[in-house]
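Examining the three-dimensional arrangement
Each chain, letter by letter, is given below.
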Amino acid sequence: MKIKAAVVREVRKPYNIEELELEPPKEKEVLVKWVYTGYCCTDLHILSGELPFTPPLVGGHEAAGIVEEIGPGVTKVKKGDHVVGAWMAPCGECPQCRKGWGHLCTGTAGFFGEGTMFDGTSRFKDKHGKMVRHSFFVSAFSTYSVLPEVSAIPIRKDFPLEHACLMGCCISTGWGAVTNTAQVVPGDSVAVFGLGGVGLMTLRASRLRHANPIIAIDKEEGKEDLAREFGATHFLCN
């Protein structure tokens, strides 16, 4: 099928909006129509060449959409389901996955780095028939993409997709920093430097973990009201 996508052709160059050919989903893959996609700082790092991904590739990983088609063997989602794209696609079988460390999966790390599906190929081709790589398995700077079943996380249909897309990276990153990395417990003091999307989600998670005080720090004075809305007890402008 023909789709539109934002393609990184060269680092430190603007995205190209191109018409691509998208192959149908293969075994344990799903075709998703993206409705909302956020622009994460990681997408900027790819564009600037700070991350070692090989162009050409379709960017975008913080997204929510609707399942349009499923491939053979798919059991976790069905056509019409609303889903959030997950850029971590654990294999479930490697030593890390068996320990519950799916975020450190070595079974799919090679495909992640090469920008392919689990069979080592891409579902995108350009107008010349040449391969265009995936990014983070999701490639949501596109009207449609194919991704592994494990990367399509079903959500309730009454969850607004413009909010749900943030679950794909921004919200989960902030929450994970508080609960998994810092392991904040009630009464802990927390300082959050920088109040972008992840910083705000870190504030929110800290508040939900009953940290106190929660100090928000940013270079922009105008972010104080937002910081307090998300849970900050104190605000510093540096």
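Fair warning: this is a prediction, and the values are worked out from it, not measured in the lab.

Parameters and conventions
Residues numbered from 1 in each chain as written. Predicted model: local features only at pLDDT ≥ 70, side-chain atom pairs only at ≥ 80, totals over all residues. Heavy atoms only, no water. Pairing = 2+ DSSP bridges. Helix = DSSP H or I, 4+ residues; strand = E, 2+ residues; numbered from the N terminus. Axes fitted to C-alpha atoms, helices over the stretch in contact; angles between N-to-C directions. Polar contact = N/O pair within 3.5 Å; in protein donor to acceptor, adjacent residues only side chain to side chain. Contact = heavy atoms within 4.5 Å. Salt bridge = Lys/Arg side-chain N within 4 Å of Asp/Glu carboxyl O. Buried < 20%, exposed > 50% of the residue type's maximum accessible area, 1.4 Å probe, protein only. Disulfide = S-S within 2.5 Å.

**Observations concerning the sheet that holds strand E6 (residues 82–85)**
- If you walk across this open sheet you meet the 5 strands as E9-E3-E5-E6-E10, and the pairing is antiparallel. Edge strands, defined here as strands with exactly one partner in the open sheet, are strand E9 (144–148) and strand E10 (152–155). On average, adjacent strands in this sheet sit at an angle of 45° to one another, irrespective of strand direction.
- Where strand E3 (residues 29–38) meets strand E5 (residues 62–70), 8 bridges bridge the pair, whose relative direction is antiparallel. Each residue of the ladder has a partner; that of tryptophan 34, found in E5, is glycine 65.

**Focus: the side chain of serine 142**
- When you line up the elements, serine 142 lands in the loop between strand E8 (131–132) and E9.
- Within polar-contact distance, the side chain of serine 142 engages the backbone oxygen of serine 139 at 2.7 Å.
- If we ignore the near neighbours within four places in the chain, the residues touching serine 142 are Ile3, Lys4, Ala5, Trp34 and Val58.

**With respect to the pattern of salt bridges**
- Taken as a whole and judged by the stated rule, the model has 12 salt bridges.
- Among the ionic pairs, lysine 78 bridges to aspartate 81, the shortest N-O distance being 3.1 Å.
- A relative accessible area of 53% places lysine 78 in the exposed class.
- Owing to a relative accessible area of 12%, aspartate 81 belongs among the buried residues under this scheme.
- Several salt bridges converge on common partners, so that one network encompasses Lys26, Glu29, Asp119 and Arg123.

**Here we look at the state of the cysteines**
- Summed over all chains, the structure comprises 0 disulfides.
- The thiol of cysteine 41 is unpaired, and the distance to the nearest cysteine sulfur, on cysteine 40, comes to 6.4 Å.
- The partly exposed category is assigned to cysteine 41, whose relative accessible area is 47%.
- With no disulfide of its own, cysteine 97 lies closest to cysteine 94 among cysteine sulfurs, the gap being 3.6 Å.

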